[in-house]
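So the chains spell out like this:
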Amino acid sequence: MNIQILSIFLYLFLFFFLSTTLTTTGTPFPPKSNDTNFIRTSCKTTLYPKTCFKSLSGYSSAIQQDPGRLARVAIGVTLFKVNNMAKYISNISRVADYGSSPRVAAAVHDCHSVFGDAVADIRDSLRQMRRLNGSGEDLRFQLSNVQTWMSAALTNEETCTDGFEDTPDCGVKDDVCGRAVKVKEVTSNALALVNRFVDTIQTP
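Starting afresh in each chain, residues are numbered from 1 along the sequence in its written order. With pLDDT at 70 or above as the cut-off, local features in this predicted model cover only qualifying residues; side-chain atom pairs require 80 or more to be listed or tallied, and sums for whole chains, interfaces and linings still use all residues. For side-chain calculations, the full set of non-hydrogen atoms in the structure is used, while hydrogens and water are omitted.

Draft legend 1. Structural detail: the overall build of the protein. Numbering of helices and strands runs from the N terminus; a helix is a DSSP stretch of H or I covering at least four residues, while a strand is a stretch of E covering at least two. A count of helices and strands for the protein gives eight helices and zero strands. Starting at the N terminus, the α and β elements of the protein follow one another as α-α-α-α-α-α-α-α. Considering the protein as a whole, with its 204 residues, one finds that 45% of them fall into the buried category. Shrake-Rupley sampling with a 1.4 Å probe provides the accessible areas, and residues are treated as covered by the protein chains on show and by no other component. Split by element, the accessible area of the protein, about 10,700 Å² in all, is 53% carbon and sulfur. Exposure categories follow from relative accessible area, calculated using a 1.4 Å probe and restricted to protein chains: below 20% of the type maximum is buried, above 50% is exposed, and the middle band is partly exposed.

Structure, rendered in structure tokens:
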């Protein structure tokens, strides 16, 4: 699946998911302070609570106070941002001026590869979240796949920034690493919210 098709898929997913919050009269549920507070409280369990709340509070009416929905929306938002990062790196890999540093060029090439892998991992996670069923240990097992994929995506993103260590400072390095750090934050937060959802699942 190329990046353009993935973008279309993600937009359709977000539209479909949010449309499920409409009432039968077509009027969306109004935001409730309890729903927003639920997101704020949940985000406090992440490493980047401010980023978490900023990226997810707009979906409070859809999430309500459901930890499963919160995790699913967080993954959807992450996929959108990681996909945009992958497109950005793809573009600069063709047009950026690396000066006289082949190491920077190699780092950008590696970022292009690992962010492509991250997109695939997060896409698999979102697909699994949409197919969840059952309860107890069975549900935990399904979510273990999501935890594995989201962890792999985060590792891939960290590999990108690690590749710029010991490379000379330049605009390309600063831009890529700055953007990658922000993407890593939302990925880390999404994984934390999945872990929090798993902790709510009761087993016999």
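Having seen it, we continue.
Draft legend 2. Local environment of the pattern of salt bridges. Definition used for salt bridges: Asp or Glu carboxyl oxygen within 4 Å of a side-chain nitrogen of Lys or Arg. Scanning all chains against the criterion turns up three salt bridges. A salt bridge links Asp124 to Arg127, with the nearest nitrogen and oxygen atoms 2.9 Å apart. Of this pair, Asp124 and Arg127 both sit in helix α6 (residues 102–130), three residues apart, roughly one helical turn. Arg127 gets classed as partly exposed once you look at its relative accessible area, which sits at 30%.

Draft legend 3. Inspection of the environment of Leu154 at higher detail. One can find Leu154 in helix α7 (residues 136–162). Overall, Leu154 belongs to the buried group, its relative accessible area being 16%. A sequence separation of 30 residues divides Leu154 from Lys184, and the C-alpha atoms of the two residues are 6.3 Å apart. Not counting chain neighbours up to four residues away, the residues in contact with Leu154 comprise Lys184, Thr187 and Ser188. Note on definitions: a residue-residue contact is assigned when non-hydrogen atoms from the two residues lie within 4.5 Å.

Draft legend 4. How the structure looks around the confidence of the model for the protein. On average, residues of the protein carry a pLDDT of 86, and 81% of them reach 70 or more. A score between 0 and 100, pLDDT records how confident the predictor is in each residue. When mean pLDDT is compared element by element in the protein, helix α3 (residues 49–56) scores highest at 97, while helix α1 (residues 3–19) scores lowest at 49. In this model residues 15–29 is a low-confidence stretch, pLDDT under 50, and it forms 16 contacts with partners more than four residues away in sequence or in other chains.

Draft legend 5. Molecular detail of the side chain of Thr167. Along the chain, Thr167 turns up in the loop between α7 and α8 (171–200). Polar contact criterion, stated in full: a pair of N or O atoms within 3.5 Å, where within protein one must be able to donate a hydrogen and the other to accept it, and residues adjacent in sequence count only if both atoms are side-chain atoms. Among the polar contacts listed, one links the side chain of Thr167 to the backbone oxygen of Phe164, at a separation of 2.5 Å. The contacts of Thr167, once residues within four sequence positions are left out, are Arg103, Val104 and Lys173.

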